[in-house]
2 protein chains.
Amino acid sequence: MIVDVQSKILPGVTHWQSPNFYAYYPSNSSVAGFLGEMLSAAINMVGFSWITSPAATELEMIVLDWLGKLLKLPQEFLSPGNCSGHGGGVIQGTASEAVLVVLLAARDKTLRRVGKSALGKLVVYGSDQTHSALQKACQIGGVHPENCRLLKTDSSTNYALPPEIVSEAISHDISIGLIPFFLCGTVGTTSSATVDPLYSLGKIAKSNDMWFHVDAAYAGSACICPEYRKYLDGVEEADSFNMNAHKWFLTNFDCSTLWVKDRNALIQSLSTNPEFLKNKASQANLVVDYKDWQIPLGRRFRSLKLWMVLRLYGVENLQHYLRNHIELAKYFEECVGQDSRFELCVPTLQVVAPRLFALVCFRLLPPVGDNEVCRSNKLNQVLLEAVNSTGKLFISHTALSGMYTLRFAVGAPLTERRHIAAAWKVLQDEASTLLGTPLQDNGNPS
Amino acid sequence: MIVDVQSKILPGVTHWQSPNFYAYYPSNSSVAGFLGEMLSAAINMVGFSWITSPAATELEMIVLDWLGKLLKLPQEFLSPGNCSGHGGGVIQGTASEAVLVVLLAARDKTLRRVGKSALGKLVVYGSDQTHSALQKACQIGGVHPENCRLLKTDSSTNYALPPEIVSEAISHDISIGLIPFFLCGTVGTTSSATVDPLYSLGKIAKSNDMWFHVDAAYAGSACICPEYRKYLDGVEEADSFNMNAHKWFLTNFDCSTLWVKDRNALIQSLSTNPEFLKNKASQANLVVDYKDWQIPLGRRFRSLKLWMVLRLYGVENLQHYLRNHIELAKYFEECVGQDSRFELCVPTLQVVAPRLFALVCFRLLPPVGDNEVCRSNKLNQVLLEAVNSTGKLFISHTALSGMYTLRFAVGAPLTERRHIAAAWKVLQDEASTLLGTPLQDNGNPS
C-alpha cells in the first residue's frame, strides 16, 4: 500500500506544499492545520444541526468571531452575542460556495419583493476580474447569463472596478426594466490581486437596494496586519464578506470563512425542516443550525483546524508569516525589475499600482521592434511551459487587457529567499534560451 | 491545547463513532479512512483541474469505476475507458450536492430544448419520503416550490413511491402546460429505508423525456452484497446514481459517490473557463476537469480514503461488515417484536415489508384503549428524549403517516451484539417508567 502511494500516487501529485509552488494562489498546510484535520477525522461527526454535535457549531461561531475581530470587521458581521444584530460567520468549503449562498439569499430576498416570475430580470454586477465563481453562481441560481455583467476593467485603474462604470450600468439596466440585485467587489483579484473600491461600490449597492458581497478569498489574510487593513476599508458597506483561511492562512483546505450581516436572508433561502431532523433546540430557535447557511446538509468539524491555527500560532506569528511572503514577493519583483527583458505587473510600461500583496504579475518582453500581440503572448506561453517543464518550479498565468501575463504567487509555507532566487534563475535561463540572449557573468542579459 | 480539547471540545461532541450511536444514518470512520484523510491533508492539494494534480483526478476515476463495478452498475455509468459512452463517476461532498448537480444538469438540458423562460413551468417529482435535499436543490436551482411534487406515500406500499401515482401526476401536469423534467427515486429512504420501484419509475421518466436520479445514499453500500443487489434492479434506467461511501462504507466523511451516464450534461451546466485556469491538457479536451462536475471550484483528494478502504479491507470484508450490521438490526428487531408494548416498522399492525437493511423503525404502543394519535406521538417523543437523556445511546425519529416513529439505525463500526442488547434494555426500562409497567423477572412486561 505504502509502496503504491510512493510509486503510483505521488509521482502524479502536483506538490502544492512545495516551496517552489508559485501557481494560482497558495493552499497552505501546517502542523496546526494538519492536527485539526486529524482530530476532525477521528471524531468524524456530521454537524448539520446544532444537536448533532453542539461543540462543532459553538466552536465555529467562536472562531469566526475571533477571526472577524482580527480582521476588524464591523460588529454586524459577528454573532449576536457580540452585538444586537443578526450577523454571524460560517465556514464554507470554498469561495465559490460562499458567493453562491449569498447570491441565492440576495436573489430570494429580491424576488420576495418583486415576485418570483421576475427571475429573468435580475442582474448581477462584477468586473471582468471577478472570480469565475460569480458567473457559476449565476448559472446555478438561474440568473440569465446575459444579465451577469462582468464590467470591463483596464490598466488605468490597475484592473479595479471603477464605481462610475457600475453606476452607469445599473442606471441603464433600470431604465430598460431590469432589476439590479447583486454586486460583487474583490479584495485581491485572482488575476493580479487588485483591490476594488469597496466604499464607493458599497454605497452604490445600498442606494439601489442591492446585496454587496466582498470576495477577499486570497488577500483577506493579509488584512490581519494593520498596514494592510486599509484594503478592507469600506467593508462596513458590505452585506457579506469572504476570506479563504485555506489559501494563505496556514489552515488546511477546505476552510472558506464567510460572514453575513443578515443570517435570516441565508436561512430563508437555504433551510429545510424535515421531520427526521426536528429537535427541541432547533424548534425553539435557541441554536444555530449551520445546515441552513450552506448548500450541503452534512458538514465536517472544520472549525477545529482554524482554532488550532489561531491558538498554536497566534496573531503575531501569523502576521510575521504573511509579511515574510510579501517581502519575498517584493524581492522577486526587484529581480524582475532589474532585468530589462521583462516588464512588471501590468502589460504597459506605465505601472500604475504594482504588487499589493504576494503576487507578482510580469511578462517577458518581445524582441525590440516586435509589437505583435499574438507573438508576444506566444512567447510568454512558451516561457511558462518551458519553466514548468523543468520541474523546478510551478507558475501559472492570466490575461490582462488581452496580454498573456505570468503570475508568481509567493505563499507556500516552506518558501524561503533562496527558493525565490533559484526560481528567478530558472526564469532567466529559460528566457535566455528562448530569446537567444544568454546572461553575462554579471547576471544581466548580454 | 490538548487539555482544552478534552475539557472544552469533547464534552460537547456528539459521538457518531460510539458503538451506541443509532441516530440518523451512520457516519463511518475507519483506520483506512483515517489514513486516507491524513495523506490527503498532508498533500493538501486543490484538484480542481486535472493539471492541478493529475493523480487526484486519475485515482478518482479508477476508484469510482471499481466501486461502480462492485455495485454492478451498468457500463454506461463507468468511465469511457470501460465502454464507448460518456459516463463516469465523481466524488461529491454530500448527497445534497449530488442531487443538486444532476438537477441542474437536467434543468439546463430541458431549458435548452424549451427555452430558458420556461423555468417556472418545470416540475420535479419525488415522494414525501424523498430526502429534503431534493426540495433544497429545487430552491437553489430556481424551480418553483409549488412545482416540486413530493407525492404522498403510505403503509400500503411500505412508503415506496407507486409508479401509477407518478404517471398520473405527470399526465396532469402536462395537461395544464407544465413541463416534467426530473424524477428522483430512492433506495433506502431516510425515514424507513424503503426502496422505490426503480424499473417502473425509470420507464416513466424515459417515456416523458425526464432525468431519473437514484438516491441510494444510505442503502447503496449494502448492494455490494449479491443478496442485496436486487434493490438496485432498474438502476439501468437511471441517468444518475448516488451512494454515500461516508455513511456505511468505512470511508470518512465526506465521500459521496455519484455516477452519471452523460457527463456532458453536467459539464454544460457547471463549467466555466477563465483564463487563469486554461492549460494545454484541458484545452485539448484530453482530460477530466472535475471542477465542471461539481458546485465548488476547489476540491480535496478524497479518492485516497476510498482507495484505501477498498484496498485495505477488500470486498469480502466489506460485505461481512455490512451483513453483520444487518444481522444486528435483525436481532434488535426480534427484541422489539418480543415485547408486546412495542410495534415494528410501520405504524399499523400490518407490517407490509419490514426492515430491509440495518434500520429498524418502531413505536411504543399507547396504553390499550387509547387511540388518540397526539398522545401516542407524545408518548414516543417522551420516550426518545428519556432514552437519549440517559447518555447511554442516541436514537432519532421520523414521522410515517403522521405517526411519530423511532429509528434505530445500526451501522457504527464498533457496534456489537452486546451494545444492541444494552440499548434495548435502556429502551425497555424507560418504556416501563413511562407506562408504569415494570418488566417482570423473565424480561416481559408485567
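So, how was this worked out
Counting of residues starts from 1 at the beginning of each chain's written sequence and follows it residue by residue. Lettering for chains starts from A, numbering for ligands starts from 1, and both go in the order in which the items are written. Only residues with pLDDT of at least 70 are given local features in this predicted model, and only at 80 or more are side-chain atom pairs given and counted; all residues enter the totals for whole chains, interfaces and linings. The side-chain numbers reported here are obtained from all heavy atoms of the structure, hydrogens and water having been left aside. Only heavy atoms enter the contact rule, under which two residues are in contact if any of them lie within 4.5 Å. Each of two parts loses accessible area, computed with a 1.4 Å probe, when they are put together; buried area is these two losses added. The rule for a salt bridge is simple: a side-chain nitrogen of Lys or Arg has to be within 4 Å of a carboxyl oxygen of Asp or Glu. The secondary structure listing takes helices from DSSP runs of H or I that are at least 4 residues long and strands from runs of E that are at least 2 residues long, numbered from the N terminus. Accessibility here uses a 1.4 Å probe with only protein chains present; expressed as a share of the type maximum, an area under 20% marks a residue as buried, one over 50% as exposed, and anything in between as partly exposed. For this overlay, a least-squares fit was computed on C-alpha atoms, restricted to residues scoring pLDDT of at least 70 in both copies. UniProt positions are given in the numbering used here, feature names are shortened, and annotations may be inferred rather than shown by experiment. Any two strands with at least two DSSP-identified bridges between them are counted as paired. Lines are fitted to the C-alpha atoms to define the axes, a helix being fitted only along its stretch in contact, and any angle between axes, read from their N-to-C directions, falls within 0 to 180 degrees. Take the residue count of a helix, subtract one, and multiply by 1.5 Å to get its expected span. What the arc describes is the spread of directions from the helix axis to the C-beta atoms. Here, the term disulfide refers to a pair of cysteine sulfur atoms separated by no more than 2.5 Å.

Asks: Kindly report on the interface of chain B and chain A, identifying the contributing residues and their values.
Replies: Counting residues at the interface gives 83 residues for chain B, matched by 83 residues for chain A. Taken together, the two surfaces of chain B and chain A that pack against each other cover about 7,100 Å², and 64% of this comes from carbon and sulfur. Contact with chain A buries surface across chain B, with M1(B), N44(B) and F276(B) losing the most and accounting together for 11% of the total. Inspection of the region where chain B meets chain A yields six salt bridges.

Asks: Account for unusual backbone geometry, with residues named and values stated.
Replies: Cis geometry marks the peptide bond from F253(A) to D254(A); its omega dihedral reads 10 degrees. Tracing the backbone shows D254(A) in the loop between α8 (245-248) and β7 (256-260). You will see that A193(A), though not glycine, has its phi angle at about 60 degrees, which is positive. The class of A193(A) is buried, set by a relative accessible area of 1%. Notably, L250(B) is not glycine yet its phi reads approximately 65 degrees, a positive angle. Inspection of the secondary structure puts L250(B) in the loop between α8 (245-248) and β7 (256-260). Note on L250(B): relative accessible area 8%, which makes it buried.

Asks: Can you explain the relation of the copies chain B and chain A? Please cite residues and give values.
Replies: With an RMSD of 0.0 Å, the fit of chain B onto chain A corresponds to turning through 180 degrees and sliding 0.0 Å along the axis. Expressed as an axis order, the relation between the two copies is that of a two-fold axis. For chain B, the minimum C-alpha distance to the rotation axis belongs to G141(B) and amounts to 2.6 Å. The residues that chain B uses at the interface reappear at the interface of chain A in 100% of cases, marking a shared surface.

Asks: Provide a residue-level description of the UniProt feature "modified residue: N6-(pyridoxal phosphate)lysine" (unreviewed entry) in chain A, including the pertinent values.
Replies: All names here are of chain A. Under the UniProt annotation, "modified residue: N6-(pyridoxal phosphate)lysine" (unreviewed entry) lies at K247. Counting through the fold element by element, K247 comes out in helix α8. Note on K247: relative accessible area 17%, which makes it buried. If we skip the residues at most four places from it in the chain, K247 touches Y25, P26, S27, N28, A217 and Y218.

Asks: Can you lay out the sheet that holds strand β3 (residues 148-151) of chain B for me, pointing to particular residues and giving the numbers?
Replies: All names here are of chain B. In spatial order, the strands read β1-β7-β6-β5-β4-β2-β3; together these seven strands make up an open sheet with mixed pairing. In this open sheet, the two strands that pair with only one neighbour each are β1 (88-92) and β3. Ignoring strand direction, the axes of neighbouring strands in this sheet form an average angle of 20 degrees. Here strand β6 (residues 240-244) pairs with β7 via five bridges, running antiparallel. Counterpart to F241 in the pairing with β7 is W259. Its contacts with the sheet put helix α5 (residues 132-141) on β2 (122-127), β3 and β4 (179-186), and the angle it makes with β2 is roughly 170 degrees.

Asks: Account for helix α6 (residues 163-175) of chain B, naming residues and giving values.
Replies: An α-helical segment advances 3.6 residues per turn. Residues three or four places apart therefore align on the same side. Residues and elements named next belong to chain B. End to end, α6 covers 18 Å across 13 residues, agreeing with the expected 18 Å (1.5 Å per residue, within 8%). Buried within α6 are the following residues: P163, V166, A169, I170 and D173. Buried residues of α6, viewed axially, fall in a sector of 125 degrees; they line one side. The outward face of α6, more than 90 degrees from its buried face, is lined by the exposed residues E168 and S175. Immediately downstream of α6, the backbone of G177 shows phi near 90 degrees, a positive value.

Asks: Could you give an account of the state of the cysteines, with specific residues and numbers?
Replies: Residues and elements named next belong to chain A. Overall, the coordinates contain zero disulfides over all chains when judged by the stated rule. Of all cysteine sulfurs, the one in C138 lies closest to C184, which takes part in no disulfide; the gap is 9.7 Å. Given the relative accessible area of 1%, C184 is considered buried. The structure places no disulfide on C225, whose sulfur is separated from the nearest cysteine sulfur, that of C223, by 8.4 Å. Look at C225 and you get buried, because its relative accessible area is 0%.

Asks: Explain the pairing of strand β11 (residues 403-409) of chain B to me, using residue names and the numbers behind them.
Replies: Regular strands show a simple pattern: their side chains alternate between the two faces of the sheet. All names here are of chain B. In terms of residue burial, β11 counts as a mostly covered element, since seven of its seven residues are buried. Burial along β11 is two-sided: M403, T405, R407 and A409 and Y404, L406 and F408, pointing in opposite directions, are all buried. Here strand β10 (residues 396-400) pairs with β11 via five bridges, running antiparallel. Counted as the bridge partner of H397 is L406 from β11. Where β10 hands over to β11, the hairpin turn is made up of two residues, of which S401 adopts a positive phi near 50 degrees.

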